[in-house]
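Listed here are the chains, written in short residue letters.
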Amino acid sequence: MASSFRPMNRRTMLRGTLAAGAGVAFGQLLFSGTAQAYSWSRTLNQGDSGADVTELQIRVAGWAADSASHSRVSIDGDFGPGTAAAVRRFQAAYGLSVDGSVGPNTQAKLNSLEQSDGSTLHFNWSEFVNQSDGTFNGGKLSASQVKENVRRCMYKLEALRKKLGDKPITVNSGFRSIAHNAEIGGASDSMHLYGTAADLDVPGVANKTVYQKAETSGFSGLETYNTDHQHVDSRADLGRDWWWEDGTV
């Protein structure tokens, strides 16, 4: 999917202040070298814990709710009720048995959404790199941390794409370096600097519809849909307050 650059207006300037003492937890990195399909070694059920649960949570994070809700799947390695509910929504969406148990069939579907380089089926790293130099360098976090945040964003976008009827999504802006963000007039603490944000275009779908589906997909930052693109981000994953500019929750 080709990336395109679009001049940014003031709506692309993200707001919010990092919560005091908030940290960023990063899960297993699949993008070092050539990634393979995740090696699930067991069937996962509510009550389980471990690195494989963390990976599961990353992959079903976009199935956080059935309707507009300040809900997100905690990426903590503990398979609780929120994770189980997200798994059931994922299973229903992909025509699997809806039992909340992550066995071979659900694991195979999860792996089918992963590309060999660690990106996802419908999104590529090239869509999210800094547009001035094509890397993940120069942001507010290390390049590896930014890339992990981008990977997590991709899985939420896979869910959003599915909810929009498998409509292709174009990413106009993903990660930005501090220098590039300043050049285009972005806010000094934009979510794009952390790799947690994306500005989207979905041809043939109204931004309001994209916004409303994003309200069910674990995105904690949503800019108004009355612009030429739809901004989504996961600021709550960085310890920030939720911010839905046109939300009713």
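Up top you'll find the structure we're talking about.
1. Structural notes on the overall build of the protein chain
Thinking step 1. Across its full length, the protein chain carries six helices and five strands.
Thinking step 2. Across the protein chain, helices and strands are ordered from the amino to the carboxyl terminus as α-α-α-α-β-α-β-α-β-β-β.
Thinking step 3. Across the 249 residues that make up the protein chain, the buried fraction comes to 53%.
Thinking step 4. Sequence separation of at least 24 residues holds for 67% of the intrachain contacts in the protein chain that already meet a minimum separation of 6.

2. Some thoughts on the sheet that holds strand E2 (residues 197-201)
Thinking step 1. The strand order across the open sheet built from five strands is E1-E2-E4-E3-E5, with neighbouring strands paired in mixed fashion. Taken across any chain shown, the strands that pair with only one partner, and hence form the sheet edges, are strand E1 (170-173) and strand E5 (243-244).
Thinking step 2. Relative to strand E4 (residues 230-233), strand E3 (residues 221-222) is paired through two bridges, and the arrangement is antiparallel. Bridge pairing links Gly-221 to Asp-233 in E4.

3. Quick word on helix H1 (residues 51-60)
Thinking step 1. Counting buried residues in H1 gives nine out of 10 residues, a clear majority hidden from the surface.
Thinking step 2. Taken together, the buried positions of H1 are Asp-52, Val-53, Thr-54, Glu-55, Leu-56, Gln-57, Ile-58, Arg-59 and Val-60.
Thinking step 3. Buried-residue contacts for H1 involve helix H2 (81-93), helix H3 (104-112) and helix H4 (143-163).

4. Describing H4
Because each turn of an α-helix spans 3.6 residues, side chains separated by three or four positions end up pointing in the same direction.
Thinking step 1. The first and last C-alpha atoms of H4 sit 30 Å apart over 21 residues, in line with the 30 Å expected at 1.5 Å per residue.
Thinking step 2. For H4, a buried count of 17 out of 21 residues is recorded, marking the element as mostly surrounded by other parts of the structure.
Thinking step 3. Just beyond H4, the residue with positive phi is Gly-165, at close to 80 degrees.

5. Notes on the environment of Tyr-225
Thinking step 1. By the element assignment, Tyr-225 lies in the loop between E3 and E4.
Thinking step 2. Each C-alpha atom of the pair Tyr-225 and Glu-245 lies 8.7 Å from the other, and the pair is 20 residues apart in sequence.
Thinking step 3. Beyond its immediate sequence surroundings of up to four residues, Tyr-225 is in contact with Asn-207, Lys-208, Tyr-211, Gln-230 and Asp-246.

Criteria and thresholds
In every chain, residue numbers begin from 1 and rise along the written sequence. Residue-level local features of this predicted model are given only where pLDDT is at least 70; pairs of side-chain atoms are given and counted only at 80 or more, and the full residue set underlies all totals for whole chains, interfaces and linings. Water and hydrogen atoms play no part in the side-chain values, which are based on all heavy atoms of the structure. Counting from the N terminus, the helices are DSSP H or I runs at least four residues long and the strands are E runs at least two residues long. The rule is simple: take the accessible area with a 1.4 Å probe, protein chains only, and divide by the maximum for that residue type; under 20% is buried, over 50% is exposed, in between is partly exposed. Working rule for contacts: check all heavy atoms of both residues, and any pair within 4.5 Å makes them a contact. The pairing criterion for strands is at least two bridges between them, as found by DSSP. Multiplying one less than the number of residues by 1.5 Å gives the expected span of a helix.

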